[in-house]
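Chain by chain, the residues run as shown.
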Amino acid sequence: MNKPTGAVISAKSSTKKSIIDFLEKAMDKGVFDAVIVPMRVPAGDSFAYVLIKDKSLFKDAFPIPPVMFVQGAKAVSSVTRLGKGNMKIAALMRPCEIRATIELAKLGQTDLENMTLISMDCPGVLPTSDFLSDPEKGMKQFDEAAKNLDDKIMRPVCQICDKSSMMAGDLHIGTLGAKKDTFFVISNSQKGNDILDKLGISLKDNIDSWHAKVKNISEEKLKKRKKAHKDLKSEIGGLDNLLDAYNQCINCHNCMRVCPVCYCRLCYFDSDNVKHPSEDYLQMAESKGSIRFLPDTIFFQMGRMMHMSLSCVSCGACEDACPVSIPVAQIFSMISDETQGLFDYVSGRSLEEPLPLVAYKEEELHEMEDAND
Amino acid sequence: MTKETEKFEPRIVGFLCNWCSYAGADLAGTSKLKIPSSLTPIRVMCSSRIDPVLVTTAFLHGADGVLIAGCHPGDCHYDKGNYYARRRFAVLKKVIEGLGLESDRLRLSWVSASEGQRFAEVINEFNEKIKKMGPNPIKVKTSL
Ligand code: SF4
Ligand code: SF4
Ligand code: SF4
Ligand code: FES
């Protein structure tokens with residue numbers, strides 16, 4: 001596709017309200033039968049993804065909430081993991097959630113045929129624990145920070161996210177570079193074009209200011225990202241540092257369970273393959289002097305990196321779920337940039353790009369062969 | 001110290017493809033070529049069978065080196081398994097290297113069934129290199 005085109009929409013009251021109106025209108029016209037959106041829970045102190053059929057519930061919908069309790073790709077795959085169904089569903093999520101959804105589609109864990117993915121410019125999310133300590137305050141701080149494009153209070157991986165406006169789905173809602181009380185609707189696929197066509201929105205407006213702002217922010221973030229990864233590597237790289245970094249790991253596997261792209265229905269590390277008879281442990285203890293329990297902490301982390309770093313979207317869900325504050329997502333984002341870089345792959349960038357491990361080129365990676373220096 | 005290194009006999013785990021490298025290793029043996037006793041061969045049906053997690057298992061349990069050997073590109077019994085294996089190996093190596101661990105302890109080589117001589121060269125060369133590197137420091141770490 002060429003440079004995506006878009007339309008300028010003017011917001012009646014707030015941008016949030018207008019985005020919801022847009023979804024409602026699409027449901028009225030039968031473009032979607034249902035919508036997956038974040039919603040503020042009745043108590044007001046938390047957010048959840050819901051599948052909305054009844055339009056009157058749109059009043060509580062909350063695009064781009066301040067936190068990410070559940071990674072959106074998990075919500076989408078719960079709905080479509082057993083097949084596409086016959087309802088047309090739209091999902092409004094953050095770019096990393098859309099990208100994870102695309103990875104899941106490639107992994108055969110979700111079916112996107114009847115699904116429309118709508119992303120939005122993302123200012124980041126607050127770490128869950130920060131938000132929970134005072135939701136009211138969190139809400140205010142988030143709004144303020146989002147308005148000022150200030151990422152200091154966001155998840156550490158959000159602070160180094162150079163893909164916070166990446167278009168990977170069908171439609172994208174852009175707020176960056178938009179004039180006051182307007183936002184952009186941008187199409188990124190044929191499906192997106194068709195939908196806007198049905199809604200009578202033509203893609204003829206100039207959205208250069210969005211492109212320019214996005215370019216500017218992602219370049220800046222990319223610089224920050226490279227530096228952060230370099231620093232992290234000197235902090236946790238090497239056997240002793242690595243063991244130190246994971247020393248407090250309690251082996252709960254939360255990081256894997258909340259990860260949108262850890263795709264196995266039974267994780268290898270929960271399987272009998274990693275359970276050994278006591279003689280084996282005794283033997284290990286004999287050769288090492290002693291061995292730590294629960295075992296396999298580092299093994300689990302490395303296994304996860306080998307299995308899914310190619311699909312990791314650096315969303316930070318794992319880190320937020322870690323009860324002992326290990327910077328798992330920062331470590332994963334560092335490793336996954338490297339593994340994806342091997343194949344010039346960017347997780348979730350496009351549905352058409354094959355997963356690196358199910359593709360190959362005859363002439364490549366010769367530096368991996370016989371390497372002996 | 002020097003004495004210890006001199007004495008150091010590596011343990012090398014070799015994942016060898018049944019159709020080529022394992023046969024190549026066999027041929028090296030029957031041709032009475034010198035194969036270091038450090039090698040523990042594991043026969044697999046194709047180099048693409050080797051999930052990086054298996055290699056990691058060996059590595060974290062203290063193998064001093066891990067060799068993965070399969071058919072030359074284009075000659076895989078299952079057509080293209082070794083191309084996939086090469087990509088997996090690249091990921092494996094990148095992860096290990098990315099964590100600042102010794103990725104040099106891992107090696108991928110192509111050896112056909114008729115290349116007994118080449119197999120002997122590959123394993124001897126690798127063995128020498130591992131000897132120089134010394135024992136895998138992971139061996140003595142309790143907190144893995
Ligand atoms: S490993 Fe962590 S950062 Fe990467 S996709 Fe999974 S949850 Fe997100
Ligand atoms: S760690 Fe590996 S085996 Fe476990 S769920 Fe993730 S990808 Fe699957
Ligand atoms: S969530 Fe944290 S403590 Fe739990 S397994 Fe992952 S790294 Fe370890
Ligand atoms: S059969 Fe030997 S590498 Fe596939």
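Reading guide: rules and limits
Residues numbered from 1 in each chain as written. Chains lettered and ligands numbered in written order. Predicted model: local features only at pLDDT ≥ 70, side-chain atom pairs only at ≥ 80, totals over all residues. Heavy atoms only, no water. Helix = DSSP H or I, 4+ residues; strand = E, 2+ residues; numbered from the N terminus. Rg over C-alpha atoms; globule rule 2.2 N^0.38 Å. Contact = heavy atoms within 4.5 Å. Areas by Shrake-Rupley, 256 points an atom, 1.4 Å probe, with all protein chains shown as cover. Domains from an automatic or database assignment. Buried area = accessible area lost by both parts, 1.4 Å probe. Salt bridge = Lys/Arg side-chain N within 4 Å of Asp/Glu carboxyl O. Polar contact = N/O pair within 3.5 Å; in protein donor to acceptor, adjacent residues only side chain to side chain. Near = heavy atom within 4 Å. Nonpolar A, V, L, I, M, F, W, Y, C, P; charged D, E, K, R; others polar. Buried < 20%, exposed > 50% of the residue type's maximum accessible area, 1.4 Å probe, protein only. Pairing = 2+ DSSP bridges. Phe/Tyr/Trp six-rings, centres within 6.5 Å; stacked < 30°, edge-to-face > 60°. Lys NZ or Arg CZ within 6 Å of the ring centre and 35° of its normal. Core = buried A, V, L, I, M, F, W, Y, C linked by side-chain atoms within 4.5 Å. Patch = residues over 30% accessible without salt bridge, like charges linked within 9 Å, V, L, I, M, F, W, Y side chains within 5 Å.

J.: Which residues make up the overall build of chain B, and what are the values?
T.: Counting its regular elements, chain B contains five helices and four strands. Taken from the N to the C terminus, the helices and strands of chain B come in the order α-β-α-β-α-β-α-β-α. A globule of 144 residues ought to have a C-alpha radius of gyration of about 15 Å, and chain B, at 15 Å, matches this closely. With respect to the three principal axes, the spread of C-alpha positions in chain B is 45 × 35 × 15 Å. Of all intrachain contacts in chain B linking residues separated by at least 6 positions in sequence, the fraction that spans at least 24 positions is 79%. A total accessible area of about 6,100 Å² is found for chain B, and carbon and sulfur atoms account for 53% of it.

J.: Residues and numbers for the domain arrangement of chain A, please.
T.: All names here are of chain A. Taken as a whole, chain A is organised into domain 1 (6–227) and domain 2 (229–368). Relative to domain 2, the C-alpha centre of domain 1 lies at a distance of 28 Å. Across the contact, 30 residues belong to domain 1 and 33 residues belong to domain 2. Carbon and sulfur atoms supply 54% of the area buried between domain 1 and domain 2, which totals about 2,600 Å² over both sides. Our count for the domain 1 to domain 2 interface comes out at three salt bridges. With its nearest N and O atoms 2.7 Å apart, the salt bridge here joins Asp-337 to Arg-225. The interface formed by domain 1 and domain 2 holds 20 residue pairs in polar contact (both at pLDDT 80 or more) in total. For the side of domain 1 that touches domain 2, the elements supplying multiple residues, two or more each, are α2 (72–80), α3 (95–106), α6 (156–159) and α8 (208–236). Among the elements that line the side of domain 1 that touches domain 2, the one with the most residues is α3, at eight residues.

J.: Give me the site of ligand 1: which residues, what numbers.
T.: Residues and elements named next belong to chain A. Residues in close proximity to ligand 1 total 14 residues, the closest being Cys-259, Arg-304, Cys-312, Cys-315 and Cys-318. Elements with a contribution of two residues or more to the shell around ligand 1: α12 (297–308), α13 (317–321) and α14 (328–342). Taken together, the residues of the shell around ligand 1 break down into eleven nonpolar, two polar and one charged.

J.: Describe α2 of chain A, naming the residues involved and giving the relevant values.
T.: Every buried residue of α2 of chain A is accounted for by Gly-72, Ala-73, Ala-75, Val-76, Ser-77 and Thr-80 of chain A. Taken together, the buried residues of α2 of chain A touch β2 (34–40), β3 (47–52), β4 (89–93), α3 and β5 (115–120) of chain A.

J.: Explain the pairing of β3 of chain A residue by residue, including any values.
T.: All names here are of chain A. Strand direction decides the pairing type here: β2 and β3, joined by six bridges, are antiparallel. By the bridge assignment for β3, Val-35 is matched with Ile-52. Counted along the chain from β2 to the antiparallel partner β3, the turn is six residues long, and its residue Gly-44 has a positive phi close to 85°.

J.: Tell me about the packing of aromatic side chains, and name the residues and values.
T.: A full pass over the atoms with the stated rule returns nine aromatic pairs over all chains. With a centroid separation of 5.1 Å and 85° between ring planes, the pair formed by Phe-269 of chain A and Phe-299 of chain A is classed as edge-to-face. Of this pair, Phe-269 of chain A sits in the loop between α10 (254–258) and α11 (278–288) while Phe-299 of chain A sits in helix α12; the two residues are 30 residues apart in sequence, bridging distant segments of the chain. In this structure Phe-299 of chain A comes out as buried when scored by relative accessible area, which is 6%. Ring geometry for Tyr-360 of chain A against Tyr-84 of chain B: centres 5.3 Å apart, planes inclined by 85°, an arrangement best described as edge-to-face. Of this pair, Tyr-360 of chain A sits in the segment after α14 while Tyr-84 of chain B sits in helix α4 (residues 81–98), on two different chains. With a relative accessible area of 26%, Tyr-360 of chain A lands in the partly exposed category. By relative accessible area, which is 22% here, Tyr-84 of chain B ends up partly exposed. Among the aromatic residues, those joined into a ring-pair cluster are Phe-47, Phe-62, Phe-69 and Phe-131 of chain A. One Lys or Arg, Arg-304 of chain A, reaches over the ring of Phe-332 of chain A and ends 4.4 Å from the middle of that ring. The lysine or arginine in question, Arg-43 of chain B, covers the ring of Tyr-22 of chain B, its NZ or CZ lying 4.6 Å from the ring centre.

J.: With reference to specific residues and values, describe the nonpolar core.
T.: Counting 113 residues, the largest nonpolar core has Leu-23, Phe-32 and Tyr-246 of chain A together with Leu-99 of chain B as the members making the most contacts within it. A per-element tally of this core places α12 of chain A first, with seven residues. Residues in contact with Tyr-246 of chain A, not counting those within four places in the same chain, are Arg-292, Ile-298, Gln-301, Met-305, Ile-326, Val-328 and Ile-331 of chain A. Listed in part, the 14 residues of the second largest apolar core include Leu-16, Leu-67, Val-122 and Phe-126 of chain B.

J.: Break down a nonpolar patch on the surface for me, citing the residues and quoting the values.
T.: All names here are of chain A. A cluster of nonpolar side chains, Phe-69, Val-70 and Leu-132, forms an exposed patch at the surface whose accessible area comes to about 240 Å². As for its position among the elements, Phe-69 is in the loop between β3 and α2. For Phe-69, a relative accessible area of 32% gives the class partly exposed.

J.: Lay out the environment of Val-79 of chain A with the relevant residues and their values.
T.: Residues and elements named next belong to chain A. Within the secondary structure, Val-79 is located in helix α2. Taking C-alpha positions, Val-79 is 9.6 Å from Ile-36, a pair spaced 43 residues apart along the chain. Excluding residues that lie within four positions of it along the chain, Val-79 makes contacts with Ile-36 and Ile-89.

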